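Now for the letters of each chain:
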Amino acid sequence: MKKITKLETERLFIFPVSLDDADFVLAVHNTPKFIQFIGDRNLRIVEDAENYIKNRFLPHYEKHGFGNCLIVEKSTGKKIGAVGVFVRDGLNVPDIGFSFLPEFEGKGYGFEASSKLMETVFTDFGLKKISAITTKENIASQKLIEKLGLKYLKMIKLPDDEVELMYYEIEK
C-alpha cells in the first residue's frame, strides 16, 4: 500500500506523526485555540500523547496510508503544526484538519501545508472529494478552508457530539 513518507513545499517539510513527536503533539493539543475550536483531548503528560499517537494516528496511517502529519519549518527545523486527512465516523468524505502553535499562525503555513497534502491525497491516493469541518466561531479556519477551495454545504453534528459544525467539501 502507498503511504505518505515525506512531502516538501517551499518553506516546509511534512512528515507522518511518529512517537518521537509526542512532546509536540502534547503542546499543540493543549493550545487555547485547539481546546476551544477542536476540543480537549485530555492529553496532560507526554505518555498521554504517546498513547494518542499509538492508538489513533498510527492505526489510521497504517490503514489508509495518510493521516496526521507534522509540519516542520525548513529554515529552523522547528515543529510548527500539524495537518492531516482523516477518515472519520459520521463523515462520508475524508476531512482535512490543521493546527498550529500560536506563534506560527497567520504566516500562510496552513495554506501551504494543506494545499500540498490535498494535492497528494487526490493524486496519489485517488480521493475524489475532501471535506472540512469547523465551528461557526472559528473564523480563521473558515477562511483557510475557503482559500483551499472547499465550499460550505451545510451544518452537521458528528456522532456523540452536540456541537454543530460547518461542513465544507471540494471535489476533484
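Residues numbered from 1 in each chain as written. Predicted model: local features only at pLDDT ≥ 70, side-chain atom pairs only at ≥ 80, totals over all residues. Heavy atoms only, no water.

Draft legend 1. Fine view of the nonpolar core. Ranked by size, the top nonpolar core spans 45 residues in total, and within it Ile4, Val83, Met118, Val121, Ile130 and Leu150 carry the most contacts. It is helix α4 (residues 109–125) that provides the largest number of residues to this core, a total of 6 residues. Not counting chain neighbours up to four residues away, the residues in contact with Ile4 comprise Pro16, Tyr61, Gly65, Phe66, Cys69, Leu117, Thr120, Val121 and Phe125. By size, the runner-up hydrophobic cluster in this structure holds 7 residues, among which are Leu91, Val93, Ile133 and Leu165. (Core = buried A, V, L, I, M, F, W, Y, C linked by side-chain atoms within 4.5 Å. Buried < 20%, exposed > 50% of the residue type's maximum accessible area, 1.4 Å probe, protein only. Helix = DSSP H or I, 4+ residues; strand = E, 2+ residues; numbered from the N terminus. Contact = heavy atoms within 4.5 Å.)

Draft legend 2. Structural context of the environment of His29. Turning to its location among the elements, His29 is positioned in helix α1 (residues 22–29). Note on His29: relative accessible area 7%, which makes it buried. Excluding anything up to four places from it in sequence, His29 contacts Phe34, Ile35, Arg41, Leu43, Tyr52 and Phe57. Looking at His29, its side chain comes within polar contact range of the main-chain oxygen of Val25, at 2.9 Å. (Polar contact = N/O pair within 3.5 Å; in protein donor to acceptor, adjacent residues only side chain to side chain.)

Draft legend 3. Expanded view of the packing of aromatic side chains. The final tally for this structure, using the stated rule, is 4 aromatic pairs. Ring geometry for Phe13 against Phe15: centres 6.1 Å apart, planes inclined by 40 degrees, an arrangement best described as tilted. By relative accessible area, which is 21% here, Phe13 ends up partly exposed. Since its relative accessible area comes to 27%, Phe15 is described here as partly exposed. On the basis of an interplanar angle of 75 degrees and a centroid distance of 5.7 Å, the ring pair of Tyr152 and Tyr168 is categorised as edge-to-face. Of the two residues, Tyr152 is situated in strand β7 (residues 151–156) and Tyr168 in strand β8 (residues 165–171); the sequence distance between them amounts to 16 residues. For Tyr168, a relative accessible area of 0% puts it in the buried group. For the cation-ring pair, Lys147 lies above Phe111, with the distance from its terminal atom to the ring centre recorded as 4.6 Å. Here the guanidinium or amino end of Lys154 rests over the ring plane of Tyr167, the centre of that ring lying 5.5 Å away. (Phe/Tyr/Trp six-rings, centres within 6.5 Å; stacked < 30°, edge-to-face > 60°. Lys NZ or Arg CZ within 6 Å of the ring centre and 35° of its normal.)

No statement about biological role is implied by the geometric values presented.
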